[in-house]
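Structure assessment
The lines below spell out each chain.
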2 protein chains.
Amino acid sequence: MEPPRSEEVLVERAHGLAGRTVGELGRSLEVDVPATPRRAKGLVGQLVERALGASAGSADEPDFLEIGVELKTLPVGPEGRPKESTFVATIKLNEMAETDWEASTVWRKLRRVLWVPVEADPALPLPARRLGAAILWSPSAEQVAALRADWETIATYVLRGEADRITGHLGTYLQVRPKAAHGGVRTRAPDAAGGYQWTGPRGFYLRTRFTEQVLRAL
Amino acid sequence: MEPPRSEEVLVERAHGLAGRTVGELGRSLEVDVPATPRRAKGLVGQLVERALGASAGSADEPDFLEIGVELKTLPVGPEGRPKESTFVATIKLNEMAETDWEASTVWRKLRRVLWVPVEADPALPLPARRLGAAILWSPSAEQVAALRADWETIATYVLRGEADRITGHLGTYLQVRPKAAHGGVRTRAPDAAGGYQWTGPRGFYLRTRFTEQVLRAL
DNA sequence: CAGGATCCACTATTGGATCCCG
DNA sequence: CGGGATCCAATAGTGGATCCTG
């Protein structure tokens, strides 16, 4: 499918997904959907990408590059609350010195997002889970200010050479957590002496308390 | 010891307790203090009552009746946060129809409270735990409004004959939980038909999120 | 490895149950 | 039993670890 040429086209396509199941979506794309997401963690996100015409495998840019919109599926429980935090972007430890908030991948991805809720009750087989009504969203001024404050707190640690002191506890809404295939992976970060050190790769995540606000705003 | 004749006298006495241990307090009152509160749950509260001159065993009225002040010890963890909810009063299910917030035992006890923090680290033997600086407190207008709203929600259940539907989940700050020697105790409550039904005795408790505000306000 | 995310062990919180004294 | 409270099993929440694809 071609990339949508406008937000209107994107939203129209997204509304066509509301109420459909993950199994139906998989059949229409000729993809096999296993009974559980355990070994297919990103599958639903990738199916929705294809169904909406995102340019697959786009690196480090919003999924719908032409119209500046990021796509995020959001696992929701029976009461409509998010069940998990949301991955936003890998943290580029060695590039933070040349980056500010406005230029950050976090800001470039979060300024415009199409949220697609997906049922996530573990008792429900993956193919039976339904997609919800998509929400095309931008953060409020307060949310931008809070996200920026979190981002700058984290950036300060990295620039001081204290990347290893960053834990998931930091940040009101935006946090940093490990992001790797397994615990043995290493990457480089600045150290306090102007050189570099080895540390585990990590990513920025939105806490559920943030995405819960997003869903309630509707 | 005689009851304090004024808040000033009470606060002066309370300041004399700050920094002392429960063991010291027990010795001065010739009371044996066991190593743990497990079998002496209300002991510290009763020792502080005696040390400050509360009229012991006062029924259903503020501890310092003459000056209208209630005494509450507050178990606090290493970071100064309350470790437990705080019992306020038994809920008189069969008298709620004749009571409103202004006349309630909850309001009469909470409008003026002397909070006495007590260390509560389980690793610390009871006699070694120290008393903190007492706080003579009244609720803010917002706090009164919130407590009253919780109380009225609960009262509505009782008056509808739905006392059995009240659980600890109700109430932002004020909740209702069992209050009995054991689960077999029964008491009477109104039923929906104008008669009565048997149910377990319960009491009003302040959630720690409330008492945490009290401690931070200083 | 970056992007799509969820898993799950551990910690924190909750609220129903309980204990002593007069 | 009412007033002084804490205990502790079960649930909810957090954040470090992990899984698949291109």
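This text goes with the structure placed above it.
In this report, the structure presented in the accompanying data block is examined. Predicted, not measured: the structure shown is a model, and the values here were computed from it.

Focus: the packing of aromatic side chains
Under the counting rule described, the total for this entry stands at 14 aromatic pairs over all chains. Residues W115 of chain B and W137 of chain B carry aromatic rings whose centres are separated by 5.6 Å and whose planes lie at 70° to one another, so their mutual orientation is edge-to-face. Of this pair, W115 of chain B sits in strand β3 (residues 113-119) while W137 of chain B is found in strand β4 (residues 135-137), placing the two residues 22 residues apart along the sequence. Taken as a pair, W115 of chain B and W137 of chain B share a single burial class, namely buried. Clustering of aromatic rings is evident, with ring pairs tying together W115, W137, Y173 and F210 of chain A.

Comments concerning the nonpolar core
Counting residues in each nonpolar core, the largest one holds 35 residues, and the members touching the most others are I91, V106, W115, L147, W151, F204 and L206 of chain B. Ranked by residues supplied to this core, first place goes to helix α5 (residues 141-159) of chain B with eight residues. The contacts of L147 of chain B, once residues within four sequence positions are left out, are W101, L110, Y173, L174, L206 and F210 of chain B. By size, the runner-up hydrophobic cluster in this structure holds 34 residues, among which are V76, W115, L170 and V176 of chain A.

Overview of the packing of helix α1 (residues 7-17) of chain B against helix α3 (residues 43-52) of chain B
Helix-helix packing: each pair is described by the crossing angle between the helix axes and the interaxial distance. All names here are of chain B. Here α1 crosses α3 at 125°, and the two axes come no closer than 10 Å. Here α1 is positioned oblique relative to α3, judged by the angle of their axes. Seen along the crossing, α1 lies across α3 with a hand that is right-handed. Contact residues: α1 offers L10, R13, A14 and L17, while α3 offers V48, A51 and L52.

Structural notes on the sheet that holds strand β3 (residues 113-119) of chain A
Residues and elements named next belong to chain A. With respect to topology, three strands assemble into an open sheet ordered β1-β3-β4, the strand pairing being mixed. The sheet is open, and its two borders are formed by β1 (70-76) and β4 (135-137), each paired with just one other strand. Pairwise comparison of adjacent strand axes, ignoring direction, gives a mean angle of 30° for this sheet. Examined bridge by bridge, β3 and β4 share three bridges and lie antiparallel to one another. Bridge pairing in β4 places V113 opposite W137.

Cut-offs applied
- Residues numbered from 1 in each chain as written.
- Chains lettered and ligands numbered in written order.
- Predicted model: local features only at pLDDT ≥ 70, side-chain atom pairs only at ≥ 80, totals over all residues.
- Heavy atoms only, no water.
- Phe/Tyr/Trp six-rings, centres within 6.5 Å; stacked < 30°, edge-to-face > 60°.
- Helix = DSSP H or I, 4+ residues; strand = E, 2+ residues; numbered from the N terminus.
- Buried < 20%, exposed > 50% of the residue type's maximum accessible area, 1.4 Å probe, protein only.
- Core = buried A, V, L, I, M, F, W, Y, C linked by side-chain atoms within 4.5 Å.
- Contact = heavy atoms within 4.5 Å.
- Axes fitted to C-alpha atoms, helices over the stretch in contact; angles between N-to-C directions.
- Parallel < 35°, antiparallel > 145°, perpendicular 65-115°, else oblique.
- Left-handed = near helix turned anticlockwise from the far one by under 90°.
- Pairing = 2+ DSSP bridges.

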